[in-house]
Amino acid sequence: MGVVREPGQKGVNWSNIAVGGIMNMFQVTTLGQPLEVLKTQMAANRQQTMWNACKSVWARGGVAGFYQGLIPWAWIEASTKGAVLVFAASEVETATLAAGISPAFAGLLGGMTGGVAQAYATMGFTTCMKTAEITRAKTASTGVKPPSTWAVFADIYRREGLAGVNKGVNAVAVRQCTNWGSRMGFARLAETTIRKVRGKGENDTLGAFDKILASSIGGALATWNQPIEVVRVEMQSMAKATANANRPAKLTILNTLQFIYKENGIKGLYRGVTPRIGLGIWQTICMVSLADYVKIWVKGRQ
């Protein structure tokens, strides 16, 4: 995440909360949600190819099917997690840069901190509900009309309380820590490399194309952790254990990983990686490159 104040400057940038919320709302409402739905469809239905996943999503309502779960869960998640991410990551990145740490390592630490903070502060509940909205269509295969998202929420809360609503939050935290640590770390490393290639100094500003290129590299390389994402989707899926006798009744990160590997092999753990590369690139462009420009604009008006 870009740093609004100069290294060493005191004070907290509370405006980064608004910047993060707005930028992530823009990200998810444009390309973010369609790629998220497609990625989740493939991760939850690991036998499907991308083309089959596209047809399945389209069958749920055409273009609207690709925006399933956007309102209210994705909007709630995007606004809150974006605010937490940008605020926490920017504060950590600023402090570490002031301590003389390299931009790449500062980005790594900032991204990891922001990712963990957003997971435990906002994402357990909303990610569970968004995933339930996308994957509940599985129940329709039995001929039973799937319940509404609000009915799913009420049923989970009644049976399992807050622990059930936040099911899979540890997997979400691991994913977000590695997601944003990798995205920001790789993006800042790419920016440093581009500056060297261009013959620019460490404090010289990069052009828009170079910033977007660096973010694209960071977003693409950060998908190395796709197995964690597949595990997260399986843990939060509405599929019942009875649908597969080998599926553990009580899912943990480890036994879910073992279950997926036994059922689908190494390919199963990377199912959905292609749309996730696109998603990672778009998220990093919005939350790193474009957010840097927005923060500079906000700083100039303070």
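Residues numbered from 1 in each chain as written. Predicted model: local features only at pLDDT ≥ 70, side-chain atom pairs only at ≥ 80, totals over all residues. Heavy atoms only, no water.

(A) Focus on the confidence of the model for the chain. Here the chain averages 86 in pLDDT, while 89% of its residues score no lower than 70. Taken element by element, the predicted model of the chain shows its lowest mean pLDDT in helix α5 (residues 149-165) (79) and its highest in helix α7 (residues 208-221) (96). Across residues 1-8, confidence stays below pLDDT 50; counting only partners more than four residues off in sequence or on other chains, it has 36 contacts. (pLDDT = per-residue confidence, 0-100. Helix = DSSP H or I, 4+ residues; strand = E, 2+ residues; numbered from the N terminus. Contact = heavy atoms within 4.5 Å.)

(B) Seen up close, the nonpolar core. Met 23, Trp 180, Met 184 and Met 287 are the most contacted members of the largest nonpolar core, which has 13 residues in total. Elements with a contribution of two residues or more to this core: α1 (15-44), α3 (70-98), α6 (169-198) and α10 (273-300). With 6 residues, α10 is the single largest residue contributor to this core. Counting residues in each nonpolar core, the second largest holds 11 residues, with Ala 44, Ala 171, Val 231 and Ile 260 among its members. (Core = buried A, V, L, I, M, F, W, Y, C linked by side-chain atoms within 4.5 Å. Buried < 20%, exposed > 50% of the residue type's maximum accessible area, 1.4 Å probe, protein only.)

(C) Focus on the packing of aromatic side chains. Applying the stated rule across the entire model yields 2 aromatic pairs. Ring centres of Trp 14 and Phe 87 lie 5.2 Å apart, and the angle between their planes is 15°; on these two criteria the pair is classed as stacked. With a gap of 73 residues between them, Trp 14 in the segment before α1 and Phe 87 in helix α3 connect regions that are remote in the sequence. A relative accessible area of 57% means that Trp 14 is categorised as exposed. With a centroid separation of 6.0 Å and an interplanar angle of 50°, the aromatic rings of Phe 26 and Trp 282 are classed as tilted. (Phe/Tyr/Trp six-rings, centres within 6.5 Å; stacked < 30°, edge-to-face > 60°.)

(D) Structural detail: the environment of Phe 209. Looking at the secondary structure, you find Phe 209 in helix α7. Given the relative accessible area of 61%, Phe 209 is considered exposed. Each C-alpha atom of the pair Phe 209 and Ser 289 lies 9.7 Å from the other, and the pair is 80 residues apart in sequence.

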